[in-house]
Amino acid sequence: MSQHVRFYQTGSFAVGNRLLPIQARTVQSDPTRSNSLTSGHRACRGCGEALGARYVLDAAMRATGGRLVTVNATGCLEVFSTPYPETSWRVPWLHSLFGNAPAVASGVAAALKVRDRGDIRVLGQGGDGGTVDIGFGALSGMFERGDDVLFVCYDNQGYMNTGVQRSGATPPAARTSTTQAVGSAPGNVFGQGKSAPLIAMAHEIPYVATATIADLHDLESKVERAMGLHGARYLHVLVPCPLGWGSEAAQTIRVARLAVQSGLFPVFEAERGNVTAVSPIRHRVHVEEYLRPQIRFRHLFEPTRRADVIDGLQAIADRNIRRFGLLPGRRHEATVCYHAAGRQQPGQQDRGLANRTPGVRGPAPAM
Ligand SMILES: Cc1ncc(C[n+]2csc(CCOP(=O)(O)OP(=O)(O)O)c2C)c(N)n1
Ligand code: SF4
């Protein structure tokens, strides 16, 4: 007798792997996966970047049948994984400088093309300092030329490897070693910095996406999707850093999820400058729930609660929610964005990746 099984999803809303058909299971559940970033590295406990990189690289390896070269900017990921003469990488891996990983990745792709080895794919990777700030010109050039590279930014919202300095991806009010919690507007200033995903979209490249380590199914499928395309592609992954954020090592996934649920980190996909899919917020939280577990925001609660600053951050979250249409059933500010005149491509539909709604478009939000 057949029995109807109901799933009651909680927490991450992720259905366990064993309940999914084989083709829908995660790469990490496959015992024959490449194991690209293996044990023995020296990342901090609970490092979101190590987790994100492992999922990204194994997914890319599966998507390319193991024909992959990766280029790595200087930063935590490079430093903790390759203390010479040791390495945790089990893929062809090049260390570039802090600021030139996109250019080196472009060069590798060009060299492979010249040698008629276009079957070997290229993935560049770096932290937000290397990507959003110092490597940004090289990244923009890579986008502009349409080089056949997927560039992945592991966004821990600071220059963590050298002592938690502010980057262009550090959120307002966050304390870093260069934005101290002092004065009437403590921490990083409001209104500065930039959204690399939105700037990537402005280049109208084939694929731009954001993801977090709170939804690893989604992260893997975005990597697979990106590797199924050619040309310049960009993936921006939020990876909490227990050391720099002052969050518990055991809370890394939860903190990443709260960033999404609060609206502070919108998760979406875009093709040729149009947002084509978003991950809706199913359980909305006030930004305070995201801020509280992190010491970098402690000055907003002690010695007195800074309602004005918290409200400012909530306004950013609300703006993201509105503009990306992150709450299912709510109307969003639908507009078409990021088209140079005459170059508009039709928006494309969601291709069935988990947890997303298709066709939401909006102008530049604060991320
Ligand atoms: C031109 C140059 N300036 C500064 C440095 C020192 N440096 C190495 S890694 C790093 C910060 C890396 O930050 P990010 O890219 O965000 O990666 P994370 O360590 O946070 O993962 C800095 C400033 C360098 N190697 N080269
Ligand atoms: S400082 Fe942050 S990003 Fe670097 S290894 Fe530690 S937890 Fe990971």
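Going by what an unreviewed UniProt entry lists, the chain is known as Pyruvate synthase subunit beta and is assigned to Phytohabitans houttuyneae.

(A) Up close: the site of ligand 1. Of all residues adjacent to ligand 1, which total 16 residues, the nearest are Cys76, Gly129, Gly130, Gly158 and Met160. Here an oxygen atom of ligand 1 sits 2.8 Å away from a polar atom, N or O, in the main chain of Cys76. At 3.0 Å, a backbone N or O of Asn161 approaches an oxygen atom of ligand 1. Considered on its own, ligand 1 offers 590 Å² of accessible surface; in the complex 72% of this is hidden by protein. Take the shell around ligand 1: its biggest share by element is four residues, from helix 4 (residues 128-134).

(B) Focus on the confidence of the model for the chain. Taken residue by residue, the chain gives an average pLDDT of 88. The fraction at 70 or more is 85%. Across the chain, element-level confidence peaks in strand 4 (residues 149-155) with a mean pLDDT of 99 and bottoms out in strand 9 (residues 357-358) with 36.

(C) Highlighting the site of ligand 2. Around ligand 2, the structure places Ala43, Cys44, Cys47, Cys76, Phe80, Asn156, Met160, Cys241, Pro242 and Leu243. Of the residues belonging to the shell around ligand 2, the class tally is nine nonpolar, one polar and no charged.

(D) Representation of the pattern of salt bridges. Taken as a whole, this structure holds 16 salt bridges when the rule is applied. The closest approach of N and O atoms between Arg233 and Asp148, which form a salt bridge, is 2.9 Å. Of this pair, Arg233 sits in strand 6 (residues 233-238) while Asp148 sits in the loop between helix 5 (136-145) and strand 4; the two residues are 85 residues apart in sequence, bridging distant segments of the chain. A salt bridge links Arg292 to Glu288, with the nearest nitrogen and oxygen atoms 3.0 Å apart. Members of the salt-bridge network, linked through shared partners, are Arg67, Arg117 and Asp119.

(E) Seen up close, unusual backbone geometry. With an omega dihedral of 5°, the bond running from Tyr84 to Pro85 counts as a cis peptide bond. Looking at the secondary structure, you find Pro85 in the loop between helix 2 (76-81) and strand 2 (93-95). Look at the link from Glu302 to Pro303: it is a cis peptide, with omega at -5°. Despite not being glycine, Asp116 shows a phi value in the positive range, around 60°. Residue Asp116 is classed as exposed on the basis of its relative accessible area of 68%. Backbone geometry at Arg272 places phi at a positive 50°, although glycine is not the residue there.

Here is what the cut-offs are and how they apply
Residues numbered from 1 in each chain as written. Chains lettered and ligands numbered in written order. Predicted model: local features only at pLDDT ≥ 70, side-chain atom pairs only at ≥ 80, totals over all residues. Heavy atoms only, no water. Near = heavy atom within 4 Å. Polar contact = N/O pair within 3.5 Å; in protein donor to acceptor, adjacent residues only side chain to side chain. Areas by Shrake-Rupley, 256 points an atom, 1.4 Å probe, with all protein chains shown as cover. Helix = DSSP H or I, 4+ residues; strand = E, 2+ residues; numbered from the N terminus. pLDDT = per-residue confidence, 0-100. Nonpolar A, V, L, I, M, F, W, Y, C, P; charged D, E, K, R; others polar. Salt bridge = Lys/Arg side-chain N within 4 Å of Asp/Glu carboxyl O. Buried < 20%, exposed > 50% of the residue type's maximum accessible area, 1.4 Å probe, protein only.

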